[in-house]
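Overview (structure and organization)
So you can see what is in the structure, the chains are spelled out below.
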Amino acid sequence: MSGCSSVLTGLRKKFYCGKAASNFVAWTPLNDGRRFSKCSMPEEKKCSYWEWEDDELSPRIIELICKLKKDKDSLRHEKNILRRRMVDLENYVAEGIEKVKENDDLKKKVADLENLLAVDVGLIQKLKDKVFKQWIVIGISWCCFVGLISSWIM
């Protein structure tokens, strides 16, 4: 409610125009929480009926009602802020969970690549050993060839 408003609380007795009067609660600073009745007809057909349902409140009670209303409004505002924060946190946690899942997928892919790398390293070492042996065979063959040629020449 705004600082200067009224709330319809139900129907009551009939007055000048023959229509039922409506009950309201005032939320103005001087009449905070005080009930009143007025004609329920549209503005152009409304009769002049209007009366307080409650006795006039003491200034202390009005002050307490105003304070309680402000506290209620403040708590409602804080509740809305906390709800928005909770939604933001839920979204943040959901994103974090998604990132953890992605991270787990990436870890699995890294592990698979490391296994492939280990296999490749083993194959590379075998190929290096094979190439080394072939160079030894080529070196020995070359030495034999050179020895054969030099013995043939001499």
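Residues numbered from 1 in each chain as written. Predicted model: local features only at pLDDT ≥ 70, side-chain atom pairs only at ≥ 80, totals over all residues. Heavy atoms only, no water.

**Brief notes about the UniProt feature "transmembrane region" (unreviewed entry) in the chain**
Per the UniProt entry, the sites bearing "transmembrane region" (unreviewed entry) are residues 135-153 in this numbering. Structurally, residues 135-153 is divided into 100% helix and 0% strand, and its ends, taken at the C-alpha atoms, are 26 Å apart. (UniProt positions renumbered as here; feature names shortened; annotations may be inferred. Helix = DSSP H or I, 4+ residues; strand = E, 2+ residues; numbered from the N terminus.)

**A few points about the packing of aromatic side chains**
Evaluated as defined, the whole model comprises three aromatic pairs. Centroid distance phenylalanine 36 to tryptophan 52: 5.7 Å. Interplanar angle 80°. Geometry classified as edge-to-face. Here phenylalanine 36 is found in strand S3 (residues 35-39), whereas its partner tryptophan 52 is found in strand S4 (residues 50-52), with 16 residues between them in sequence. According to the relative accessible area criterion, phenylalanine 36 is buried, its value standing at 6%. Seen in terms of ring centroids, tryptophan 142 and phenylalanine 145 are 5.8 Å apart; in terms of plane orientation they differ by 35°. Their pairing is tilted. Of this pair, tryptophan 142 and phenylalanine 145 are both found in helix H1 (residues 59-153), three residues apart, which corresponds to roughly one turn of the helix. A connected cluster of aromatic rings, assembled from ring pairs, spans Phe24, Phe36 and Trp52. Geometry around tryptophan 52 places arginine 34 over its ring, the cationic atom sitting 3.9 Å from the centre. Positioned above the aromatic ring of phenylalanine 24 is the side chain of lysine 38, whose terminal nitrogen or guanidinium carbon lies 4.8 Å from the ring centre. (Phe/Tyr/Trp six-rings, centres within 6.5 Å; stacked < 30°, edge-to-face > 60°. Buried < 20%, exposed > 50% of the residue type's maximum accessible area, 1.4 Å probe, protein only. Lys NZ or Arg CZ within 6 Å of the ring centre and 35° of its normal.)

**Side note on the confidence of the model for the chain**
Per-residue pLDDT for the chain has a mean of 83; in total, 89% of the residues score no lower than 70. Across the chain, H1 holds the top mean pLDDT of 91, while strand S1 (residues 6-14) sits lowest at 51. Per-residue pLDDT stays below 50 along residues 1-9; that stretch engages in 30 contacts with residues further than four places along the chain or on separate chains. (pLDDT = per-residue confidence, 0-100. Contact = heavy atoms within 4.5 Å.)

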